[in-house]
Amino acid sequence: MAGNITFTMIKPDATTAGNTGKILDKIIEAGFTIKAMKWTKLSKEEAGRFYAVHSERPFFGELVEYMTSGPIVAAILEKDNAVEDFRTLIGATDPQKAAEGTIRRMFAQSIAANAVHGSDSDENALIEGAFYFSSREHA
Ligand code: UDP
Ligand code: MG
């Protein structure tokens, strides 16, 4: 059975452009409950560790630079079928391929600066949430 937890970050392009509130509205309107949330900034070491799975990809250096270029908002979200429903809400990695009405289609700048992160599995949702929050911080 699909889990009910996913993890998101609102990325530096979106926080810097002042789109945090609008993106949170979309997330809440879509039925997600915020279980924990933090406005913070990643160090290069932290960004590299968060995206370690991509360390061999050609875009890794650029991704670390970008993710440390401004503030991010990290959040744990709850909803039935959370991982899949959130990926549907944000749309494809490349905003030009993202469906009309998705968060990336509305707010992303490019395939790199694509406004939001969404976990890709129940297992990664728990790992990524634990990267930012201790269990006592989950409301
Ligand atoms: N990314 C990039 N260039 C690419 C593919 C991905 O800069 O060609 C960045 C982008 O910010 C993306 C992140 O790396 O969100 C992680 O990539 P992934 O394939 O996991 O995409 P996602 O799961 O975020 O849709
Ligand atoms: Mg991914």
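Source: prediction; values computed, not measured.

Cut-offs applied
- Here, residues in each chain are numbered from 1, in the same order as that chain's written sequence.
- Here the convention is simple: chains get letters from A, ligands get numbers from 1, in the order in which they are written.
- Where totals are concerned, whole chains, interfaces and linings use all residues; where local detail is concerned, this predicted model gives features only for residues with pLDDT of at least 70, and gives and counts side-chain atom pairs only at 80 or more.
- Excluding hydrogens and water, the side-chain values take into account all heavy atoms of the structure.
- Numbering of helices and strands runs from the N terminus, with a helix taken as a DSSP run of H or I at least four residues long and a strand as a DSSP run of E at least two residues long.
- Residue contacts are counted whenever heavy atoms from the two residues lie within 4.5 Å of one another.
- Only Phe, Tyr and Trp rings are paired, with Trp represented by its six-membered ring, and only when their centres lie within 6.5 Å; those with planes under 30 degrees apart are stacked, over 60 edge-to-face, the remainder tilted.
- Accessible area is worked out with a 1.4 Å probe on protein chains only. A residue is then buried under 20% of its type maximum, exposed over 50%, and partly exposed in between.
- Throughout, the arc means that of the directions going from the helix axis to the C-beta atoms.
- Note: two strands are recorded as paired if DSSP finds a minimum of 2 bridges between them.
- Orientation is described by lines fitted to C-alpha atoms, with helices fitted over the stretch in contact, and by angles between N-to-C directions that extend from 0 to 180 degrees.

A. Geometry of the environment of Gly48. Secondary-structure assignment places Gly48 in helix H3 (residues 44-50). With 16 residues separating them along the chain, Gly48 and Val64 place their C-alpha atoms 6.0 Å apart. Excluding residues within four positions of it along the chain, Gly48 makes contact with Phe60 and Val64.

B. Examining the packing of aromatic side chains more closely. If you walk through the whole model with that rule in mind, you get eight aromatic pairs. Both rings, one in Phe32 and one in Phe86, keep their centres 5.3 Å apart while their planes meet at 85°; by these two values the pair is edge-to-face. Here the residue Phe32 occupies a position in the loop between helix H2 (20-29) and strand S2 (33-40), and Phe86 occupies one in helix H5 (residues 82-90), the gap between them amounting to 54 residues. You'll find Phe32 and Phe86 in the same group, each marked buried.

C. Main features of H2. Among all positions in H2, only Thr20, Ile23, Leu24 and Ile27 are buried. Looking straight down H2, one finds that the buried residues subtend no more than 100° of arc, so they occupy a single side. Positive backbone phi, approximately 100°, marks Gly31, located one or two places after H2.

D. Broad picture of the pairing of strand S3 (residues 72-78). Most of S3 is tucked away: six of the seven residues are buried. Bridge count between strand S1 (residues 5-10) and S3: six bridges; the pairing is antiparallel. Across the sheet, residue Thr8 finds its bridge partner in S3, namely Ala75. Relative to S3, S2 runs antiparallel, the two sharing seven bridges. The residue bridging Thr40 from the neighbouring strand is Ile72, located in S3.

E. Highlighting the sheet that holds strand S4 (residues 116-118). Strand order across the open sheet formed by four strands is S2-S3-S1-S4, with antiparallel pairing between neighbours. Unpaired on one side and paired on the other, S2 and S4 mark the two borders of the sheet. On average, adjacent strands in this sheet sit at an angle of 15° to one another, irrespective of strand direction. Across the sheet, H2 is in contact with S1, S2, S3 and S4; its angle to S2 comes to roughly 165°.

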